[in-house]
Each structure stands twice: as structure tokens, then as C-alpha cells.
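# Structural overview
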Amino acid sequence: MTQPWWFVLLLCWWPVHNLVLAAFAWRAPRPATDRSSRPLLFWIAIPALNEERVIANTVRNALCLGTPETPVRVLVIDDGSDDATPEIVAGIADERLHVLRRDLPHARQGKGEALNAGYRYIDAIAEREGTVSQTVVGIIDGDGRGSTGLLAEVSAMLRSRGVGAVQCRVRIHNRRRLLALLQDLEFGAIADASQSLRDVLGSVGMGGNGQFTRLSVLRKFGPSPWSDCLVEDLELGLRLHLAGVRIRYTQRAWVTQQGLEDTRRLLRQRTRWAQGNLQCSRHLRSLATSRFIAGTGLFDFLVYLVVPWLTVPLSLLAAALLVIVPVALLTGNTFGGLVAETGNLSQAVAWWLAALLLPGIVWAIVYFVRLREESLSRALLAGLCYPAFLLLGVLATWRAVFRIVLKRNVWAKTERLAELPA
């Protein structure tokens, strides 16, 4: 069977792209050897809106992350909770725990505004204590759990010359159901490899969980470092890059979070993420003209800011091909040369299935070999279901485009699952 060049390119691009990316799963970014001797002081900010199901475990874990070498204070930003969140937090007796209560109408204006209020609270204390240059602000969501030694790893990264922020690896801790397992495959293998590559290119992205930034760097952006963007974390990272601040990535320290176990809530979450990614395209001109960003790093920024806008037309093209190619195979109609003549239906189907399933199988093997936390059979099951998981992302992008057209910009909070006490 002979296919036109464009068809072969389209068929091969997806698996080749994933194979190249998977090679970076074995790269472990390390801190540079040039370090200062001044100790760093950590604040962990936990934005909380109706987090009664998870907040106790999260706060206790955050407090336990501190060591004599990496002292920590925890700030819970209660963004107008009307459940038992305030009472649960008040019941945790620890002098290192601070609570900032926000009430309506100032509360519930989005995660970015809550973080800005927390930043101003921390900044005022650091200014009073004279510790601004030593203070680091970390963000852990209401369902987040930091790994043992997380702050030591972040401290080592931040003591490297020129580094102003660090993004930690993200994992999913409730992986019993397949949908949550797919999210852990996405974060623990695919996103991890992508960030490891970006650590080389100088284009590391910031995530909502496990981001740590020097207070002195946040001060560059005035009283509100975070915007009203629906992915305020990603946009902060872009603003840091535009300001010439180096961001590092570490896979040796991680924060786990809850995975969503039903498709409806996951689609709502991914729609918000997709809409936020589309909003971030407003930085394209600044990135293209920045004196701090160039070469492959700039190319990476342009790709992950432009590709979401191409999802709609590309998905329409893919849908058309799914109709045209089978018809061509069965009837011999080449549609004016759009599809080449074929003589072997089984061979064509085999090529399509290989291109569709190979990336997921590759990531399943990477996930199993690198993490060794799930059986090979479960990893392969997740890998085989990965194409369907990607279709959910395509649907979320479609919804995000419609929301932008309709000017809907409401921040939809992810609902938590109940947890047992840690």
C-alpha cells in the first residue's frame, strides 16, 4: 500500500514525538554546585475553599515537612469556606500554623486572588522580621501531600546561582480506579518527562501544586503576583521567564494530589485548564520579543501556547480522515488523490492501530519501570486507554473555546473526595 507523504508524516509524527519525549524520563535534573550558605525559610501557602474532606491531612503533612535546616511555617488561606474547614484548621495546635480568613465580597474571586492575599500576609511578616531575601513561598493545594525531604531538595535547587523558582513533580495518591491511574500516568511519566526536557531548554512550566518561589522574586510583580487567569500557576511561570527568572524542575521531590474518579468532574477540571491555557496566548508577543527567551526554549513556549488553539481544526481534520480513509479503503475511491490507492485493508488498519496505541504502551512501560508502584498489567491497561483519555482533553478544549466565545470566565473549583485521617 502506498500513501501520500502528508499521510505518512501525520501517521508517524505522534508516535515519534512520544518516543523522543520518553527518553527524557530518565534524566534527573540536579542542582548546580554553586550554592550560597544562607539558610532558606519556607512558607507553605494552602488555598482552602470548603476543604473539610482533606484539609487536616494536608496541613499536618505540610507542618511535618519542616526540619532544623529547612524551617517551615504554614499559611491556610481560608477563602470564605462555609463548611467545617475553619473549625478543622482551628483544631490543629501548632505555633507554626497561620490562618488568613477571607470573607465575602472579597473571598471567592479565584485562586489567584486568594494566593495574592496570602503573599501579602507573608511579605508583611518577612519585611518585619528582615527575612525577605531568605524567604521562599511554596504552594500546596488543599489535597496536596509533600514527599519526605521535599524542602531540602527545593532548597538545594534554589541555592544554585540565578534560580528563582522550582517546580516539583506531581503525582496522584488515589490510584485504585482506572481514571485516577490514567492521571498518575499523565503526571508521573508524561508531564515529568516534558518538564525534564524543559529544564534543559529553559522553559519549565509552573503547576498549581508544588511550586516554590523566592519572596524577593514575587516582589517584582507588586502586590499581586498571581493574575485572574484560570491557570494562574502557568501564567506566573510565563511572567517569571519574561522577567529573566530561571525556573528549575525536580523529580526527586514531589507533591501528590487527589485524582478525579468520575468523567464529569474531570471534564470540568480539564475545561478550566484548557481555557486558562488559551488565555495565556496573550503572552505570545512578549515571549517572541523577550531578550531573556530564545532558541529552542522560545520554540517550546510557542508550541504549547499555540497548539491548544489548533486542537479544534486538527480534531476536525482527524474526524474527516476517520471517515474518508475507511471509505477509500473499502471503495477504492481516492477522493481526487487525497488518499492513495490501496490494496490491503488489513495492513492499513494495522498501521493506524500501531500509530494510535504505541505512544500509550511506551508511556506505560516508562511508568512501570521508573516508578515500580503499579503492576505491569495495570500500567499497560492505562497505556491502552490513553488515547481515549486524550479524547477527553480534546472535548475539554472544544468546551473551553466555546466558553471564551461566550465570555464565560468563572473559576470552577475541583470537588474533593473524602479521606481517612492520616
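Residues numbered from 1 in each chain as written. Predicted model: local features only at pLDDT ≥ 70, side-chain atom pairs only at ≥ 80, totals over all residues. Heavy atoms only, no water.

## What about helix H4 (residues 111-129)?
Spanning 19 residues, H4 covers 27 Å between terminal C-alpha atoms, matching the ideal 27 Å at 1.5 Å per step. Buried within H4 are the following residues: Lys 111, Gly 112, Ala 114, Leu 115, Asn 116, Ala 117, Gly 118, Tyr 119, Ile 122, Asp 123, Ile 125 and Ala 126. In this structure, the buried side of H4 is in contact with strand S1 (41-48), strand S2 (72-79), strand S3 (97-102), strand S4 (135-139), helix H7 (215-218) and helix H8 (232-242). Immediately downstream of H4, the backbone of Gly 130 shows phi near 70°, a positive value. (Helix = DSSP H or I, 4+ residues; strand = E, 2+ residues; numbered from the N terminus. Expected span 1.5 Å × (residues − 1). Buried < 20%, exposed > 50% of the residue type's maximum accessible area, 1.4 Å probe, protein only. Contact = heavy atoms within 4.5 Å.)

## Brief notes about the packing of aromatic side chains
In total, this model carries 5 aromatic pairs according to the counting rule given. Aromatic pair Trp 43 and Tyr 121: ring centres 6.4 Å apart, planes at 85°, arrangement edge-to-face. Taken together, the positions of Trp 43 in strand S1 and Tyr 121 in helix H4 put the pair 78 residues apart, joining distant regions of the chain. Judged by relative accessible area, which is 26%, Tyr 121 ranks as partly exposed. An angle of 65° between the planes, with centres 6.3 Å apart, marks the rings of Phe 187 and Trp 273 as edge-to-face. You can see Phe 187 sitting in helix H6 (residues 178-201) and its partner Trp 273 sitting in helix H9 (residues 263-279), a full 86 residues away along the chain. (Phe/Tyr/Trp six-rings, centres within 6.5 Å; stacked < 30°, edge-to-face > 60°.)

## Some points on a nonpolar patch on the surface
Together, Trp 26, Ile 361, Ile 365, Val 369, Leu 376, Leu 380 and Leu 384 line one region of the surface with nonpolar side chains, adding up to about 560 Å² of accessible area. For the nonpolar patch, the elements supplying multiple residues, two or more each, are helix H12 (345-371) and helix H13 (376-405). Checked against the element boundaries, Leu 376 lands in helix H13. Leu 376 gets classed as partly exposed once you look at its relative accessible area, which sits at 39%. (Patch = residues over 30% accessible without salt bridge, like charges linked within 9 Å, V, L, I, M, F, W, Y side chains within 5 Å. Areas by Shrake-Rupley, 256 points an atom, 1.4 Å probe, with all protein chains shown as cover. Salt bridge = Lys/Arg side-chain N within 4 Å of Asp/Glu carboxyl O.)

## Quick look at the environment of Asn 409
With respect to the helices and strands, Asn 409 occurs in the segment after H13. As a C-alpha pair, Asn 409 and Gly 276 span 133 residues in sequence and 9.2 Å in three-dimensional space. When residues no more than four places from it in sequence are discounted, the contact partners of Asn 409 are Asp 228, Leu 230, Gln 275, Gln 279 and Arg 403.

## So, the nonpolar core
If you look at the biggest cluster of nonpolar residues, it comprises 29 residues, and the most contacted ones within it are Phe 42, Val 59, Leu 150, Val 154 and Phe 212. For this core, the secondary-structure elements that each account for two or more residues are S1, helix H2 (55-64), S2, helix H5 (150-158), strand S6 (163-172) and strand S8 (246-257). For this core, the leading source of residues is H5, giving 5 residues. For Val 59, the residues in contact, after removing those within four places along its chain, are Ile 46, Val 76, Ile 92 and Leu 97. (Core = buried A, V, L, I, M, F, W, Y, C linked by side-chain atoms within 4.5 Å.)

## Remarks on the pairing of S3
For a regular strand, the rule is simple: side chains alternate between the two faces of the sheet. When S2 meets S3, the two strands line up parallel, connected through 6 bridges. Across the sheet, the residue bridging to Asp 79 is Arg 102, located in S3. Traced from S2 through helix H3 (residues 85-90) to S3, the parallel crossover comes out right-handed. (Pairing = 2+ DSSP bridges. Right-handed = clockwise from strand over helix to strand, strands pointing away.)

## Details of the packing of H9 against H13
Between H9 and H13, whose axes approach to 7 Å, the crossing angle comes to 55°. On the basis of the axis angle, H9 is oblique to H13. Remark: the crossing between H9 and H13 carries right-handed chirality. Only Phe 389, Leu 392, Leu 395, Ala 396, Thr 397, Arg 399, Ala 400, Val 401, Arg 403 and Ile 404 of H13 make contact with H9, whose side of the interface consists of Thr 263, Leu 266, Leu 267, Arg 268, Arg 270, Thr 271, Ala 274, Gln 275 and Leu 278. Across the contact of H9 with H13, the residue classes tally to 11 nonpolar, 4 polar and 4 charged. (Axes fitted to C-alpha atoms, helices over the stretch in contact; angles between N-to-C directions. Parallel < 35°, antiparallel > 145°, perpendicular 65-115°, else oblique. Left-handed = near helix turned anticlockwise from the far one by under 90°. Nonpolar A, V, L, I, M, F, W, Y, C, P; charged D, E, K, R; others polar.)

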